[in-house]
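Structural description and commentary
Residue strings, one per chain:
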Amino acid sequence: MKSPLLAIAFFLFFSCQPPHEQTATQAPVEGGSALRGEQLITRYGCPACHSIPGIQGPKGVIGPPLDHIAQRTFIAGKVQNTPQNVIQWLQNPQSFDPANAMPNLGIPENDARDIAAYLFTLR
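A short tour of the structure in this document, coming up. (Residues numbered from 1 in each chain as written. Predicted model: local features only at pLDDT ≥ 70, side-chain atom pairs only at ≥ 80, totals over all residues. Heavy atoms only, no water.)

What follows covers the overall build of the chain. Regarding its fold elements, the chain presents five helices and two strands. Long-range pairs, those at least 24 residues apart, make up 48% of the contacts in the chain between residues at least 6 apart in sequence. Surface summary for the chain: the accessible area is close to 7,400 Å², and the carbon and sulfur share equals 61%. (Helix = DSSP H or I, 4+ residues; strand = E, 2+ residues; numbered from the N terminus. Contact = heavy atoms within 4.5 Å. Areas by Shrake-Rupley, 256 points an atom, 1.4 Å probe, with all protein chains shown as cover.)

With that settled, consider the packing of aromatic side chains. Enumeration according to the criterion identifies one aromatic pair in this entry. Ring centres of W89 and F96 lie 5.9 Å apart, and the angle between their planes is 35 degrees; this geometry places the pair in the tilted category. (Phe/Tyr/Trp six-rings, centres within 6.5 Å; stacked < 30°, edge-to-face > 60°.)

This part takes up the pattern of salt bridges. Under the counting rule described, the total for this entry stands at five salt bridges. For D67, the salt bridge goes to R72, with nearest N and O atoms at 3.8 Å. Taking relative accessible area as the criterion, D67 reaches 31% and is therefore assigned partly exposed. Several salt bridges converge on common partners, so that one network encompasses R36, D111 and D114. (Salt bridge = Lys/Arg side-chain N within 4 Å of Asp/Glu carboxyl O. Buried < 20%, exposed > 50% of the residue type's maximum accessible area, 1.4 Å probe, protein only.)

So, on to the packing of helix α3 (residues 34–43) against helix α5 (residues 109–119). Two numbers describe how α3 lies on α5: the axes approach to 7 Å, and their chain directions differ by 105 degrees. Comparing the axis directions of α3 and α5 gives the class roughly perpendicular. On α5, the residues touching A34, R36, G37, E38, L40 and I41 of α3 are N110, D111, D114, I115, A117, Y118 and L119. Grouping the amino acids of the contact of α3 with α5 by side-chain chemistry returns seven nonpolar, two polar and four charged. (Axes fitted to C-alpha atoms, helices over the stretch in contact; angles between N-to-C directions. Parallel < 35°, antiparallel > 145°, perpendicular 65-115°, else oblique. Nonpolar A, V, L, I, M, F, W, Y, C, P; charged D, E, K, R; others polar.)

A positive phi angle, close to 60 degrees, is found at H68, a residue other than glycine. Note that H68 resides in the loop between α3 and β1 (74–75). Positioned with a positive phi, A76 is a non-glycine residue whose angle comes to about 55 degrees. Assignment of secondary structure puts A76 in the loop between β1 and β2 (79–80). Its relative accessible area of 47% is what places A76 among the partly exposed residues.

Grouped together as the largest cluster of nonpolar side chains are 25 residues, with contacts concentrated most on I41, I52, V86, L90, I115, Y118 and L119. By residue number, the principal contributor to this core is α5, which donates six residues. With near-sequence residues (within four places) excluded, V86 lies in contact with I75, N81, A116, L119 and F120. (Core = buried A, V, L, I, M, F, W, Y, C linked by side-chain atoms within 4.5 Å.)

A few words on the packing of helix α4 (residues 83–91) against α5. Where α4 meets α5, the axes come as close as 8 Å, and the angle between the chain directions of the two elements is 125 degrees. Overall, the two elements α4 and α5 adopt an arrangement that is oblique. At the point where α4 passes α5, the crossing takes the right-handed sense. Touching Q84, V86, I87, L90 and Q91 of α4 are E109, A112, R113, I115, A116 and L119, all from α5. Grouping the amino acids of the contact of α4 with α5 by side-chain chemistry returns seven nonpolar, two polar and two charged. (Left-handed = near helix turned anticlockwise from the far one by under 90°.)

Below you can see the structure in the form of structure tokens.
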């Protein structure tokens, strides 16, 4: 009798974790690693400008907070929020909007793909 209750409790505990923790090992972006993306976000200094759930360090206020970014319709209020657009935005934000404040950090495609994979876990 205790085994079914224990199994249910175990399932409920792990299914109630915050979304970024629950899906960080999955790759919602094809070919991307959310776990590697989480590390790259710190390496590229993204928290200096953005508040990003699950990322330690500063909570920047220059750029928008990135909580629930996966549920947003647009990036920067004008570009459709798709994995490919996020990857391209991370690589060259000025190609979408030359006047935006996000710097071009020279992020290669594989790193941008991994960062996008992490960002798409933030529901």
